[in-house]
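Close look at the chain arrangement
As a plain string of letters, each chain reads:
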Amino acid sequence: IPFTNYLVKISVMLVKDVPEKTHNHPELYTLSEKLYISPALAVVEATKAVASMGNIAKENFRRCCDVLLSYEERDFEQIAIDEDNLDRFADRSDRFLIGLDQFADAADRFLIGLSKLVETDADDRQVDMLLQTVPSFERVGDYGTNLLELAQQLHADNASFSDNAKKELTLLIAAVQEILNVTVSAFESNDNELAKAIEPLEETIDDMVMILKDRHTKRLKSGACAIGSGLIFMESLTHLERVADHCSSIGVMMLAREDESILHNHHKYLKEV
């Protein structure tokens, strides 16, 4: 008894707490094989978890864009934490511990298992859509961190974008954030009508990127922009365009649940849009 306080101190030193911040999105860690007892309920829970993933990816992407436009390091830790959460959720590897006695499956593992158990065609199509949506949202997070790395490179080189380049980048980022907002909202509310607005936005963003690359090439040739920051600008355009591409893929998969012809003739659908 006299040594109780010392034993407590030793225990605290030896047994480290798992920082809660590494799992600060419990809504991502709800998928468990226990849900397989009711496949219909499991589909609903999986859809909720993927919608949460989309919101986290959207918010983290916004933080990364903010850093690119105005360099500050205050959000770096949260960006890293949320990117880790996205990777863990989408991970194809083995299970990961989320508590002392609870395990959660990574989305891929859970959805693949669920695909063998669903009882209706509608649930089967929903699971197929989820399987393709998870990697798209995960890639949105990746492209955000790519933009963050470009911002860090720009800062380390003590370089900056020209005023014109920054104005153009601000406009493109606004457009990409708009398509991401529409995509996540459409997915979260299961709104196919809203999903139809995704592809026109994606086409607009493609046109914007093409125009901005042409303008920036001319600035580089005329010497109005430094080569180092100019290359970072070009890379930024590419990452932003790819985020829009993934939004387009999610929109198409949502609409294809009710119209399989879209899935079988993707290019025809896009051309019609």
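Residues numbered from 1 in each chain as written. Predicted model: local features only at pLDDT ≥ 70, side-chain atom pairs only at ≥ 80, totals over all residues. Heavy atoms only, no water.

**A few points about the packing of helix α4 (residues 107-115) against helix α5 (residues 121-156)**
Put simply, the rule is: The angle between two axes is taken between their N-to-C directions and runs from 0 to 180 degrees, where each axis is a line fitted to C-alpha atoms and a helix contributes only its stretch in contact. By definition, any uninterrupted DSSP run of H or I lasting at least four residues is a helix, any uninterrupted run of E lasting at least two residues is a strand, and each is numbered from the N terminus. Roughly parallel refers to an angle under 35 degrees, roughly antiparallel to one over 145, roughly perpendicular to one between 65 and 115, and oblique to any angle outside these ranges. Definitions for this section: a left-handed crossing has its near helix turned counterclockwise from the far helix by less than a right angle. A right-handed crossing has that turn clockwise. Residue contacts are counted whenever heavy atoms from the two residues lie within 4.5 Å of one another. Amino acids outside the nonpolar list (Ala, Val, Leu, Ile, Met, Phe, Trp, Tyr, Cys, Pro) and the charged list (Asp, Glu, Lys, Arg) are all regarded as polar, and Gly is one of them.
Interhelical geometry of α4 versus α5 gives an angle of 160 degrees and a closest axis separation of 10 Å. Considering their axes alone, α4 and α5 lie roughly antiparallel with respect to each other. As α4 packs across α5, the resulting crossing turns out to be left-handed. Residues A107, D108, L111, I112, L114 and S115 of α4 form the contact with α5, whose participating residues are D124, V127, L130, L131 and V134. Grouping the amino acids of the contact of α4 with α5 by side-chain chemistry returns eight nonpolar, one polar and two charged.

**As for the packing of helix α2 (residues 39-69) against helix α3 (residues 76-90)**
Running from N to C, α2 and α3 point in directions that differ by 150 degrees, and their axes come no closer than 10 Å. Judged by the angle between their axes, α2 and α3 are roughly antiparallel. α2 and α3 meet at a crossing whose hand is left-handed. In this structure, α2 uses A49, V50, M53, I56, A57, N60, R63, C64 and V67 to contact α3, whose residues at the interface are F76, Q78, I79, D82, E83, L86, F89 and A90. Within the contact of α2 with α3, the residues separate by chemical class into 12 nonpolar, two polar and three charged.

By themselves, these observations are geometric and do not establish any function.
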